[in-house]
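So the chains spell out like this:
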Amino acid sequence: MTNLAFNLLAAVPTTPTWSASVGLVMITANVFALVVARYGIQVKGVGPSLPVQLPGLFSGFGLPEFLAVTSFGHVLGAGLILGLAQAGLL
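Cut-offs applied
- Note on numbering: residues in each chain are counted from 1, in written sequence order.
- For a predicted model such as this one, the threshold for reporting local features is a pLDDT of at least 70, and the threshold for listing and counting side-chain atom pairs is 80 or more; totals across whole chains, interfaces and linings nevertheless cover every residue.
- Side-chain calculation: all heavy atoms of the structure are included, whereas hydrogens and water are not.
- Helix axes are fitted only over the stretch in contact, all axes being lines through C-alpha atoms; the angle between N-to-C directions runs from 0 to 180 degrees.
- Secondary structure elements are taken from DSSP: a helix is a run of H or I of four residues or more, a strand is a run of E of two residues or more, and numbering for both begins at the N terminus.
- Angle categories: roughly parallel below 35 degrees, roughly antiparallel above 145, roughly perpendicular from 65 to 115, and oblique for all the rest.
- Left-handed is the label given to a crossing in which the near helix is rotated counterclockwise from the far helix by less than a right angle, and right-handed is the label when the rotation is clockwise.
- Note on contacts: a residue pair is in contact if any heavy atoms of the two residues lie within 4.5 Å.
- Under the scheme applied, nonpolar residues are Ala, Val, Leu, Ile, Met, Phe, Trp, Tyr, Cys and Pro; charged residues are Asp, Glu, Lys and Arg; polar residues are all the others, including Gly.
- UniProt positions are given in the numbering used here, feature names are shortened, and annotations may be inferred rather than shown by experiment.
- Working definition: with a 1.4 Å probe on protein chains only, accessible area under 20% of the residue-type maximum means buried, over 50% means exposed, and in between means partly exposed.
- Throughout this description, the term nonpolar core refers to a set of buried Ala, Val, Leu, Ile, Met, Phe, Trp, Tyr and Cys residues connected via side-chain atoms within 4.5 Å.
- Candidate patch residues must exceed 30% relative accessible area and have no salt bridge, after which like charges are joined if within 9 Å and Val, Leu, Ile, Met, Phe, Trp or Tyr side chains if within 5 Å.
- Only the protein chains shown count as cover for residues, and all accessible areas are computed by the Shrake-Rupley method using a 1.4 Å probe.
- Here, a salt bridge means any side-chain nitrogen of Lys or Arg that lies within 4 Å of a carboxyl oxygen of Asp or Glu.
- Take the residue count of a helix, subtract one, and multiply by 1.5 Å to get its expected span.

## Considering the packing of helix H2 (residues 20-40) against helix H3 (residues 63-87)
For the pair H2 and H3, interaxial distance at closest approach is 8 Å and the crossing angle is 140 degrees. Judged by the angle between their axes, H2 and H3 are oblique. Considering how the two elements wind past one another, H2 and H3 form a crossing that is right-handed. When H2 is examined against H3, the residues Val22, Val25, Met26, Ala29, Asn30, Phe32, Ala33, Leu34 and Ala37 are found in contact with a partner set consisting of Val69, Thr70, Phe72, Gly73, His74, Leu76, Gly77, Ala78, Leu80, Ile81 and Leu84. A class-by-class count of the residues in the contact of H2 with H3 yields 15 nonpolar, five polar and no charged.

## Digging into the UniProt feature "transmembrane region" (unreviewed entry) in the protein
The feature "transmembrane region" (unreviewed entry), as annotated in UniProt, sits at residues 20-41 and 62-85 in this numbering. In this annotation, residues 20-41 is assigned 95% helix and 0% strand; the end-to-end C-alpha distance for the span is 31 Å. This span, residues 62-85, is 96% helix and 0% strand, and a straight line between its end C-alpha atoms measures 34 Å.

## Overview of the environment of Thr28
One can find Thr28 in helix H2. For Thr28, a relative accessible area of 47% corresponds to the partly exposed category. In the structure, Thr28 is positioned 48 residues away from Leu76 in sequence and 9.9 Å away in space, judged by C-alpha atoms.

## A closer look at the nonpolar core
In terms of nonpolar packing, the biggest core is built from five residues, these being Ala33, Leu34, Ala37, Phe61 and Val69. With three residues, H2 is the single largest residue contributor to this core.

## Section: a nonpolar patch on the surface
On the surface, a cluster of nonpolar side chains totalling about 420 Å² of accessible area is made up of Ile27, Val31, Val35 and Tyr39. Looking at where Ile27 falls in the secondary structure, it is placed in helix H2.

## Brief notes about H2
Relative to the 30 Å expected for 21 residues at 1.5 Å per residue, H2 spans 30 Å between its end C-alpha atoms, a close match to the ideal helical length. Those residues of H2 that are buried lie in contact with H3.

## Section: the side chain of Asn30
Note that Asn30 resides in helix H2. Using a relative accessible area of 13% as the deciding quantity, one classes Asn30 as buried. If sequence neighbours within four positions are ignored, Asn30 has contacts with Thr70, Gly73 and His74.

Written as structure tokens, this is what we have:
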């Protein structure tokens, strides 16, 4: 391996341990994704429905929309947590 490859392997970002602030950032990211999807998804309810009744924020969401939105929320939350930790704010 070259010297550059060793330097890239050694450059591991610091990952924060779980805390209440990390959980709050993840919850906020998921709620933000839900609000954006509530107004952004044009055709809702296509496919299987959710097996339980949920509050009004989720009304009209089917299982595919719910899984997609929460997946996007988790990706957004992971990026926020890593970015805030790297900046020293978390």
